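Chains, contacts and geometry: an overview
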Amino acid sequence: ARAPKKIPLVVNVAEWTNDDRQILAMYSDKALRVWDACTGALTWVLRGHESETFVLQCFPLDPRLALTAGYDGRVNLWDVQQGKCLKRL
């Protein structure tokens, strides 16, 4: 049997944190990926949506916080420096 064809990941939305230290991107696999902007190292792969997302917004007053919203009806508040979901709405 042949291995299933691998589907490439697609970036739905990307954003810099307001302190320019991290780059955030939501992918078609429903994961929020966080990179160190200086080194390019992948810091976190965060999961909390059941379908793709269409909103990624960094909080203007606190670079730790980011908000995501998906087609699953969920809104998640993330601490992108600690790599955890703080609240699911």
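Just so it is clear, the model here is predicted, and its values are computed rather than measured.

Quick look at the sheet that holds strand E2 (residues 22-27)
Sheet architecture is open: four strands sit in the order E1-E2-E3-E4, paired in antiparallel fashion. Every interior strand has two partners, whereas the edge strands, strand E1 (11-16) and strand E4 (42-47), have only one. Going across the sheet, the axis of each strand differs from the next one's by a mean of 15°, ignoring polarity. Pairing between strand E3 (residues 31-36) and E4: five bridges, direction antiparallel. Bridge pairing in E4 links Val 34 to Trp 44.

With respect to the packing of aromatic side chains
This model, assessed by the stated rule, comprises two aromatic pairs. Pairing Tyr 27 with Trp 35 gives two aromatic rings, centres 6.2 Å apart and planes at 55°, and the pair type is tilted. For the pair shown, Tyr 27 and Trp 35 are each scored as buried. Both rings, one in Phe 54 and one in Tyr 71, keep their centres 4.8 Å apart while their planes meet at 40°; by these two values the pair is tilted. In this pair, Phe 54 sits in strand E5 (residues 53-58) while Tyr 71 sits in the loop between strand E6 (65-70) and strand E7 (75-79), placing the two residues 17 residues apart along the sequence. The partly exposed category is assigned to Phe 54, whose relative accessible area is 45%. The ring of Tyr 27 has Arg 33 lying over it, and the distance from NZ or CZ to the ring centre is 4.7 Å.

Some remarks on the nonpolar core
Considering soluble globular proteins, one finds that nonpolar side chains tend to be buried as a cluster. If you look at the biggest cluster of nonpolar residues, it comprises 11 residues: Val 13, Leu 24, Met 26, Leu 32, Val 34, Leu 46, Leu 56, Cys 58, Ala 66, Trp 78 and Val 80. Put simply, the parts of the chain that give this core at least two residues each are E2, E3 and E5.

Some words on the pairing of E1
Side chains on a regular strand alternate between the two faces of the sheet. Judged from the five bridges that link them, E1 and E2 form a sheet pairing that is antiparallel. The residue of E2 that forms the bridge with Glu 15 is Leu 24.

A few points about the pairing of E7
Here five bridges tie E6 to E7, and the two strands are oriented antiparallel to one another. Note on E7: the bridge partner recorded for Thr 68 is Asn 76. Here E6 hands over to E7 after four residues, with Gly 73 in that stretch at a positive phi of 85°. When E7 meets strand E8 (residues 84-88), the two strands line up antiparallel, connected through four bridges. Bridge pairing in E8 places Leu 77 opposite Lys 87. Linking E7 back to E8 in an antiparallel pair, the connection comprises four residues, with Gly 83 at a positive phi of about 70°.

Basis of the calculations
Residues numbered from 1 in each chain as written. Predicted model: local features only at pLDDT ≥ 70, side-chain atom pairs only at ≥ 80, totals over all residues. Heavy atoms only, no water. Pairing = 2+ DSSP bridges. Helix = DSSP H or I, 4+ residues; strand = E, 2+ residues; numbered from the N terminus. Axes fitted to C-alpha atoms, helices over the stretch in contact; angles between N-to-C directions. Phe/Tyr/Trp six-rings, centres within 6.5 Å; stacked < 30°, edge-to-face > 60°. Buried < 20%, exposed > 50% of the residue type's maximum accessible area, 1.4 Å probe, protein only. Lys NZ or Arg CZ within 6 Å of the ring centre and 35° of its normal. Core = buried A, V, L, I, M, F, W, Y, C linked by side-chain atoms within 4.5 Å.

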